[in-house]
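Structural description and commentary
Residue-level listing of the chains:
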Amino acid sequence: MESLLEYGYLGLFLGSFLAATVFPFSSDVLLVGMLVAGGEPVATVAIATLGNWIGGLTSYWIGWLGKTEWIERWFRVKPETIAKHKERVQRWGAGLALLTWVPFVGDVFAIVLGFYKAKFIPSAIWMLVGKGGRFIVWAILYFYADKLL
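Everything quoted here is computed from the prediction, not taken from an experiment.

A closer look at the overall build of the chain
Scanning the chain for helices and strands turns up 8 helices and 0 strands. When the helices and strands of the chain are placed in sequence order, the string is α-α-α-α-α-α-α-α. Each principal axis of the C-alpha distribution contributes one length, and for the chain these read about 50 × 30 × 30 Å. Relative to its 149 residues, the chain shows a buried fraction of 35%. In the chain, the proportion of contacts linking residues at least 24 apart, taken out of those at least 6 apart, comes to 76%. Of the roughly 9000 Å² of accessible surface on the chain, a fraction of 71% belongs to carbon and sulfur atoms.

What about helix H6 (residues 79–92)?
An ideal rise of 1.5 Å per residue puts 20 Å on 14 residues; H6 measures up with 20 Å between its terminal C-alpha atoms. Glycine 93 lies just past H6 and shows a positive phi near 60°.

A few points about the environment of valine 45
One can find valine 45 in helix H4 (residues 41–65). Residue valine 45 is classed as buried on the basis of its relative accessible area, which comes to 12%. Valine 45 has contacts with Leu31, Phe135, Ile136 and Ala139, leaving out every residue within four places of it along the chain.

Thoughts on the nonpolar core
Val89, Leu113, Tyr116 and Met127 are the most contacted members of the largest nonpolar core, which totals 13 residues. In terms of residue count, helix H7 (residues 106–115) provides more of this core than any other element does, 3 residues in total. Excluding its chain neighbours within four sequence positions, the residues that come into contact with tyrosine 116 are Ile82, His85, Lys86 and Val89. Met34, Val45, Ala48 and Ala139 belong to the second-largest nonpolar core, a separate cluster that totals 9 residues.

Some thoughts on helix H3 (residues 27–36)
Of all 10 residues in H3, 7 are buried, a share of seventy percent or more. Its side-chain oxygen at 3.1 Å from the backbone nitrogen of aspartate 28, serine 26 defines the N-terminal cap of H3. At the C-terminal side of H3, glycine 38 shows a positive phi close to 100°.

Remarks on the packing of helix H2 (residues 8–19) against H4
Close contact between H2 and H4 brings their axes to 7 Å; oriented N to C, the two are set at 35°. For the pair H2 and H4, the crossing hand works out as right-handed. Note on element contacts: H4 touches H2 through Ala43, Thr44, Ile47, Ala48, Leu50, Gly51, Asn52, Ile54, Gly55 and Thr58, opposite Tyr9, Leu12, Phe13, Ser16, Phe17 and Ala19. Residues of the contact of H2 with H4, tallied by class, amount to 10 nonpolar, 6 polar and no charged.

Some details on a nonpolar patch on the surface
Together, Val36, Ile136, Ile140, Tyr142, Phe143 and Tyr144 make up an exposed nonpolar region whose accessible area comes to about 560 Å². In terms of residue count, helix H8 (residues 120–148) provides more of the nonpolar patch than any other element does, 5 residues in total. Turning to its location among the elements, valine 36 is positioned in helix H3. Among the residues examined, valine 36 registers a relative accessible area of 55% and is labelled exposed.

The rules behind the values
- Residues numbered from 1 in each chain as written.
- Predicted model: local features only at pLDDT ≥ 70, side-chain atom pairs only at ≥ 80, totals over all residues.
- Heavy atoms only, no water.
- Helix = DSSP H or I, 4+ residues; strand = E, 2+ residues; numbered from the N terminus.
- Buried < 20%, exposed > 50% of the residue type's maximum accessible area, 1.4 Å probe, protein only.
- Contact = heavy atoms within 4.5 Å.
- Areas by Shrake-Rupley, 256 points an atom, 1.4 Å probe, with all protein chains shown as cover.
- Expected span 1.5 Å × (residues − 1).
- Core = buried A, V, L, I, M, F, W, Y, C linked by side-chain atoms within 4.5 Å.
- Polar contact = N/O pair within 3.5 Å; in protein donor to acceptor, adjacent residues only side chain to side chain.
- Axes fitted to C-alpha atoms, helices over the stretch in contact; angles between N-to-C directions.
- Left-handed = near helix turned anticlockwise from the far one by under 90°.
- Nonpolar A, V, L, I, M, F, W, Y, C, P; charged D, E, K, R; others polar.
- Patch = residues over 30% accessible without salt bridge, like charges linked within 9 Å, V, L, I, M, F, W, Y side chains within 5 Å.
- Salt bridge = Lys/Arg side-chain N within 4 Å of Asp/Glu carboxyl O.

Treat this as a map of the structure, not an account of what it does.
The structure is reproduced here in structure tokens:
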């Protein structure tokens, strides 16, 4: 992760992108690391958001390419379970994309939205709102931590 920070904004973008896919590390740490290193706050938040959002959209499209037969065979998920989850996704729709900011499970939400063919544009917008909001909160916490403690 330190080597990503050495690459500045490009490292922040790439790290944030990868963190929103299947790679297990925190884009939040990269964001704060960049702020500690003197990154300009608005640019840092915007670049982390963009990278993380595009990574989430990539996960969405990976889910879109998935097939029910693969889930049943490789993960041994019963067809009834798949149908039950599909109903939930259809009930909540693209609004679930707002939860893609949640650490660890957010990537799964992005894949599931793609797998169940949730509408792309609303999913993309809600995903952007959620991920951007998370980075804004982290930046605020960083700059005001001394006042909050």
